[in-house]
Amino acid sequence: EERPLYLFEKNFSTKCPDMAKEYSIPPHFNEDLMKVLGEDKRPDYRWLIIGPERSGSSFHVDPNYNFAWNATIQGRKKWILYPPHIMPPGVMPQGTDGAQQQQEISLLQWFVKYYHDEDESSSKRLECVTEAGELMYVPRGWWHCVLNLEPCVALTHNVVTQRNL
């Protein structure tokens, strides 16, 4: 299947209280200015993510001027990142902050059509693979996509600090 199901569960802490007891924020990310809004009013900010091989998220910029961390619990994830001033090939931003985007083709098709192209944007691209037990930091404003290389389980959390305002 070209676009396998990729599940994002924002209420995992209430649906799975035992899991919530084990959830902790890494010390480097303790400052979170959105806490002042309280859980009822703050935008969605953390998710349990589960997906099969070849699932993933297409290119986007995280909203609300935040950065994100993503902890891979199981599996391997391929990350592609572009700095804020470099538009990934095949992506058309929508809205003022770029958080809404439109990709002309699926994530898998993007890898086939654009990944091996050598142009100015490819020299600015960063990429890596995270494995179980590893954590990925995505800076504010950076375009990024993720392709699960095998079945994956991860936690992700968006954060606003004094440094990214």
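Coordinates for the structure precede this section.
If you're wondering where the values come from, they're calculated on a predicted model, not measured in any experiment. (Residues numbered from 1 in each chain as written. Predicted model: local features only at pLDDT ≥ 70, side-chain atom pairs only at ≥ 80, totals over all residues. Heavy atoms only, no water.)

J.: Looking at this structure, I do not really get the side chain of H144. What am I missing?
T.: Within the secondary structure, H144 sits in strand β10 (residues 143-148). At 3.0 Å, the side chain of H144 and the side chain of H60 are in polar contact. Within polar-contact distance, the side chain of H144 engages the backbone oxygen of W142 at 3.0 Å. Setting aside anything within four residues of it in sequence, one finds H144 in contact with S58, F59, H60, D62, W79, I80, L81 and V138. (Helix = DSSP H or I, 4+ residues; strand = E, 2+ residues; numbered from the N terminus. Polar contact = N/O pair within 3.5 Å; in protein donor to acceptor, adjacent residues only side chain to side chain. Contact = heavy atoms within 4.5 Å.)

J.: Help me out: how do you make sense of the pattern of salt bridges in this one?
T.: Here the idea is simple: oppositely charged side chains can pair when their charged atoms come close. This structure, assessed with the given rule, holds seven salt bridges. The shortest N-O distance in the salt bridge between K10 and D44 comes to 3.3 Å. Taken together, the positions of K10 in the loop between β1 (7-9) and α1 (12-15) and D44 in the loop between α3 (38-41) and β2 (46-51) put the pair 34 residues apart, joining distant regions of the chain. Looking at K10, the relative accessible area reads 40%, which means it is partly exposed. K21 is the salt-bridge partner of D18, the closest N and O atoms lying 3.7 Å from each other. Taken together, the residues D18 and K21, both in helix α2 (residues 17-22) and three residues apart, mark about one turn of the helix. For the pair D18 and K21, one class covers both residues: exposed. When salt bridges that share partners are traced, they join K78, R125 and E127 into one network. (Salt bridge = Lys/Arg side-chain N within 4 Å of Asp/Glu carboxyl O. Buried < 20%, exposed > 50% of the residue type's maximum accessible area, 1.4 Å probe, protein only.)

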